[in-house]
Amino acid sequence: MVPFGREMRQAHFNFASSYTPLNHGSFGAFPSCVREYQRRLQDETEARPDTFIRFTYPRLLREAREAVAPLLSAETDEVVFVPNALTAINTVLRNLTYRSGDVILYFSTIYDACLKTIQSLEETTEARGHSIELTYPVEDEDIIDKFHKAILEIRSQGRSVKLAMFDTVLTFPGVRFPWEHLVRICREHGILSCIDGAHGIGHLDLRHLPYIGPDFFISNCYKWLMVPRGCAVLYVPHRNQALIRTTYPTAEGFEPATQRKLLSQKSYFVNLFEKVSTIDTTPYICVIEALRFRDQVCGGEERVRDYCINIAKEGGELMAAIMGTEVLNNITGTLRDCCFTNVRLPLEVAEELQDGMHTDKVPAADAKAVADWITITSVEEFDTFIATRYYAGAFWTRLSSQVYLDLKDFEWAANVLLDLCGRVRKSIRPA
């Protein structure tokens, strides 16, 4: 078995030899065997388009759904594939009906495109969004308390929470979110829960999903499951499938309400998503090959997950030691139970600078531009991507772990950041 780390990267992945992949969480990566499998599927499609798309593909799609369902402890007919998590989010939110006083509850840490989806719904429906403000680090208990208080506040205004949307793991900062506890609160209050698990499948152990009982669960497969872009899984338990009346865009599987009443709800839901316009759906079928790689080459889901979470923790601590800073965490340590690490950069920020004052602090007004410069320069000069943001009064970087990384990669990243931060202090940065 090829060891995890650089040997895995060289043996099974397709990165440029000079490229250091530190940002798996954005677009993922998939091994050579999955790429070759996808190309064979594409070749077969081009050789006999009608034969493959009309007859071969539906059978392979069923097999792929059968393969992915156990990762969620779901029934096969409770999971379907869509191109990405945002498509699934829109599918869920736009299938619901809203009346005056209905609220969609979310946190300020929501993924930006999901926020814009809610804002779009505010223009076309009577739903209104309500944001719960969070600034990290924060304890899970405080998040849960804020969530419960928001529900009560909205009810005191004569409104009701129709749906709550929250993450499994946040995009930035990259931290574990107490979604299981929030789902239970939703169930207690009769609120629909929609989980943005973009960083979910292949990242966390989700086999307790039916026990937790979310109403809708969405997860990208192309991020952490090593499937080609784009592929996401939408989990809708049988009890809620009647709520999903159409795909987006609406396709040939849709039936008017009068016809839907005559159909099995289970088969209607599955058929809806079998063919939604003509796109390259080979990523969906590649789930089978990706799971084979993770099992036979990597040693199984648990081994992958344990390595990634541990290397994120160790790598973050190593970077903080090299830079003389800290890793983002809370007192109970729950934030770091994921495949991200967030490390503070050794740059100080000055809120106000008087004329003529000399300081090596970054003016707060320039902080976003400086963070962007660090990220862009990491691409242009170091052939990597080190995501850097100015957040809560400090500069933070978010790095992803993966089986093709080891501690030397985190050490290298820390030294790159030391170089860039030194140049910032010398005013080699945007004006």
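In what follows, the structure referred to is the one given above.
These numbers were taken from a predicted model, which means no experiment stands behind them. (Residues numbered from 1 in each chain as written. Predicted model: local features only at pLDDT ≥ 70, side-chain atom pairs only at ≥ 80, totals over all residues. Heavy atoms only, no water.)

A.B. asks: Can you walk me through the nonpolar core in this structure?
C.D. replies: Soluble globular proteins: nonpolar side chains tend toward being buried together. Ranked by internal contacts, the top residues of the largest apolar core, which has 114 residues, are L72, F81, Y136, F147, F166 and W179. Membership of the second largest hydrophobic core comes to 33 residues, among which are L121, I218, I244 and Y268. (Core = buried A, V, L, I, M, F, W, Y, C linked by side-chain atoms within 4.5 Å. Buried < 20%, exposed > 50% of the residue type's maximum accessible area, 1.4 Å probe, protein only.)

A.B. asks: What's the story with the pairing of strand β6 (residues 216-220) in this structure? I'm lost.
C.D. replies: Two faces, one strand: in a regular strand the side chains alternate between the faces of the sheet. Buried residues dominate β6, accounting for five of its five residues. Residue alternation in β6 divides its side chains into two sets, F216, I218 and N220 and F217 and S219, and both sets are buried. Two elements, strand β5 (residues 192-196) and β6, share three bridges in a ladder whose sense is parallel. The partner of C194 across the bridge, within β6, is F216. Of the strand pairs in this sheet, β6 and strand β7 (residues 232-235) are connected by four bridges, and their pairing is antiparallel. Across the sheet, N220 pairs through a bridge with A232, a residue of β7. (Helix = DSSP H or I, 4+ residues; strand = E, 2+ residues; numbered from the N terminus. Pairing = 2+ DSSP bridges.)

A.B. asks: Would you take a moment to explain the pairing of strand β8 (residues 340-344) for this structure?
C.D. replies: Extensive coverage of β8 is indicated by the burial of four of its five residues. Taken together, the five bridges between β8 and strand β12 (residues 394-400) define a ladder with antiparallel strand orientation. Paired with T341 across the two strands is L399, which belongs to β12.

A.B. asks: Hey, could you run me through the side chain of T341 in this one?
C.D. replies: One can find T341 in strand β8. Residue classification places T341 among the buried positions, given a relative accessible area of 2%. Those residues within four positions of T341 in sequence are excluded, and the remaining contacts are A312, G316, V327, T397, R398, L399 and F410. (Contact = heavy atoms within 4.5 Å.)

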